[in-house]
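# Structure at a glance
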Amino acid sequence: MTVILSWYHINMSEYIKLLGFVIIGIVLLWIGYSLFFGKMSPLYPFLPWSKRKPLTGKAGDPQICPVCSMNLLKGDQLKTVAFPAREGSVDRIMHIKGCYNCLEKGLPRKCPVCGSNLSIEDFLVSRMFERNYQKNHVHVLGCNKCRKV
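To keep things clear, this report deals only with the structure shown in the data block. Because the structure is predicted, anything quoted here is derived from the model rather than measured. (Residues numbered from 1 in each chain as written. Predicted model: local features only at pLDDT ≥ 70, side-chain atom pairs only at ≥ 80, totals over all residues. Heavy atoms only, no water.)

The subject of this paragraph is the environment of Val125. By secondary structure assignment, the location of Val125 is in strand E5 (residues 124-129). Relative accessible area serves as the criterion here: at 5%, Val125 is assigned to the buried category. With 31 residues separating them along the chain, Val125 and Met94 place their C-alpha atoms 6.0 Å apart. (Helix = DSSP H or I, 4+ residues; strand = E, 2+ residues; numbered from the N terminus. Buried < 20%, exposed > 50% of the residue type's maximum accessible area, 1.4 Å probe, protein only.)

Here is the structure:
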């Protein structure tokens, strides 16, 4: 059985093969684009259409890492240690190590209170106020150098 496509005669089995090659080609193009230009690409933070903003944040602003001042995207988390609250206290002491960018990528780490440079072992001392129906509030007191623990 032959199917007439415009001016060229193709068997049905050849038509199905051609359609299969086109579908496989489209899938391979999509995978290649995702690997090189998608969110999983190592180049993603440097691409112009990525949502990563430059290091222009101020340490006290929301969604900003207090250690390296990098803008945090949705899903980015800080590495912290929160200690239990004292009896009758409304706040907890918390140590902030930093985000992925300042711990793994080696961005400059700086204390927002005293301005001293921090090594990987250093951390920020802060108070965390837990709220029932709102996000928790964190107040940075200083680093382990300027604020003795």
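Moving on from the model shown.
Now for the pattern of salt bridges. Side chains that differ in charge, positive against negative, can pair when their charged atoms come close. Under the criterion given, the structure shown has three salt bridges. In this structure, the salt-bridge partner of Asp122 is Lys145, at a minimum N-O distance of 3.3 Å. Of this pair, Asp122 sits in the loop between helix H2 (100-104) and E5 while Lys145 sits in the segment after strand E6 (137-143), and the two are 23 residues apart along the sequence. With relative accessibility at 9%, the residue Asp122 sits in the buried group. Classification of Lys145 by relative accessible area gives partly exposed; the value is 41%. (Salt bridge = Lys/Arg side-chain N within 4 Å of Asp/Glu carboxyl O.)

So, about unusual backbone geometry. The backbone of Ser69 shows a phi angle near 60°, a positive value even though the residue is not glycine. Topologically, Ser69 is positioned in the loop between helix H1 (12-37) and strand E3 (79-82).

With that out of the way, let us pick up the sheet that holds E5. In spatial order, the strands read E3-E4-E5-E6; together these four strands make up an open sheet with antiparallel pairing. A strand with exactly one partner marks an edge of an open sheet, and here the two such strands are E3 and E6. The sheet shows a mean angle of 30° between the axes of neighbouring strands, taken without regard to direction. Bridging between E5 and E6 involves six bridges; their strand directions are antiparallel. Within the sheet, the bridge partner assigned to Val125 lies in E6 and is Gly142. (Pairing = 2+ DSSP bridges. Axes fitted to C-alpha atoms, helices over the stretch in contact; angles between N-to-C directions.)

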